[in-house]
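Residue-level listing of the chains:
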Amino acid sequence: MHELSVADALVELVRRRLPAGALLRRITVRIGPLHAIAPEAMQWAWKSAAEKAGWSGAQLELDLPPWRLRCLSCGRRWQSALVDELCVCGAIGAVLEDGAEMLLLSFEYDAAEMASASAPSAPAPAHSQGPV
Ligand SMILES: [Zn+2]
């Protein structure tokens, strides 16, 4: 399933930015239409990949933008749900502008609990007695 490889890529994106030991809570990603993401399948794939990464329960927020097209004839730019929509000027030569983006927009996490540092590393100074 295609979404599984996308989910693995997201895990890698996050892993490079997440502080060591932190627990991921939520990520927001923008995935271009070229990836042809099915949202339900993507949620399922993310859940599976996140659990494997030790982040079970981490939420995925999807930002799935439409196609961005540019007319080669008049230069008009517009967005469309259709990849092959024609420009209003009637020209046939519209081209895609990207669509392959995969951006980690934001992520939330709980910082790792610091290991207890209560044990003194230096020996406590001996109590010195004042002159009696
Ligand atoms: Zn045009």
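Up top is the structure these notes are about.
Scope of this entry: the structure provided in the associated data block.

Definitions and cut-offs
- Residues take numbers from 1 onward in each chain, read along the sequence in its written order.
- The predicted origin of the model limits local features to residues at a pLDDT of at least 70 and limits the giving and counting of side-chain atom pairs to 80 or more, whereas totals for whole chains, interfaces and linings rest on all residues.
- Here the side-chain values reflect all heavy atoms present in the structure, with hydrogen atoms and water set aside.
- Helix and strand assignments come from DSSP, with helices taken as H or I runs of at least 4 residues and strands as E runs of at least 2, each series counted from the N terminus.
- Summary of the burial criterion: residues with accessible area below 20% of their type's maximum are buried, those above 50% are exposed, and those between are partly exposed, where the area comes from a 1.4 Å probe applied to protein chains only.
- By definition, residues are in contact when any of their heavy atoms lie within 4.5 Å.
- Using a 1.4 Å probe, the Shrake-Rupley method yields the accessible areas, and only the shown protein chains count as cover for residues.
- In this analysis a donor is any N, O or S atom within 2.8 Å of a metal ion (3.2 Å for sodium, potassium and calcium), and since water is not included, sites may seem incomplete.
- Note on geometry labels: four donors, all angles 85 to 135 degrees, give tetrahedral; four donors become square planar and six octahedral when opposite donors are over 155 degrees apart and every other angle is between 65 and 115; remaining cases are irregular.
- Expected helix span is computed as 1.5 Å times (number of residues minus one).
- Note that the arc is defined by the directions from the helix axis to the C-beta atoms.
- We define a polar contact as two N or O atoms separated by no more than 3.5 Å, with the added condition that, inside protein, one atom must be a possible hydrogen donor and the other a possible acceptor, whereas residues neighbouring each other in sequence contribute only through side-chain atom pairs.
- A pair of strands is labelled paired if DSSP reports no fewer than 2 bridges between them.
- A fitted line through C-alpha atoms represents every axis, and for helices the fit uses only the stretch in contact; the resulting angles, taken between N-to-C directions, go from 0 to 180 degrees.

1. Focus on the overall build of the protein
Helix and strand counts for the protein stand at two helices and six strands. Listing each helix as α and each strand as β along the protein from the N terminus yields α-β-α-β-β-β-β-β. Looking at the protein residue by residue over its 132 residues, the buried ones come to 30%. Relative to all contacts within the protein whose residues are 6 or more apart in sequence, the contacts with residues 24 or more apart total 68%. When the accessible area of the protein is evaluated, it comes to approximately 8800 Å², of which 55% is carbon and sulfur surface.

2. Focus: the coordination of the zinc ion
The protein atoms that coordinate the zinc ion are Cys71 (SG), Cys74 (SG), Cys87 (SG) and Cys89 (SG), at distances of 2.3 to 2.4 Å. Relative to the metal, the four donor atoms surrounding the zinc ion lie at angles of 105 to 117°, and the coordination shape comes out tetrahedral. Among the residues examined, Cys87 registers a relative accessible area of 5% and is labelled buried.

3. Quick word on helix H1 (residues 2–15)
Over its 14 residues, H1 extends 20 Å from the first C-alpha to the last, a length consistent with the 20 Å expected when each residue adds 1.5 Å. Those residues of H1 not exposed but buried are Glu3, Val6, Ala7, Leu10, Val11, Leu13 and Val14. Projection of H1 onto a plane perpendicular to its axis shows the buried side chains occupying an angular sector of 160°, all on one side. Tucked into the core, H1 has its buried residues touching strand S1 (23–31), helix H2 (39–52), strand S2 (59–63) and strand S6 (102–110).

4. Things to note about the side chain of His35
Within the fold, His35 resides in the loop between S1 and H2. Reaching out from His35, the side chain makes a polar contact with the backbone oxygen of Ala100 at a distance of 2.8 Å. Those residues in contact with His35 that lie beyond four places of it in its chain are His2, Gly99, Ala100, Glu101 and Met102.

5. A word on the sheet that holds strand S3 (residues 67–71)
Whether parallel or antiparallel, the strands of a sheet pair through hydrogen bonds between backbone atoms. Strands sit in the order S4-S3-S5 across an open sheet of three strands; the sheet is antiparallel. Only two strands of the sheet have a single partner each, and these edge strands are strand S4 (77–80) and strand S5 (94–96). For this sheet the average axis-to-axis angle between neighbouring strands, irrespective of direction, equals 35°. The sheet contact formed by S3 and S5 spans three bridges and is antiparallel. Residue pairing in the sheet places Arg70 in a bridge with Val95 of S5.

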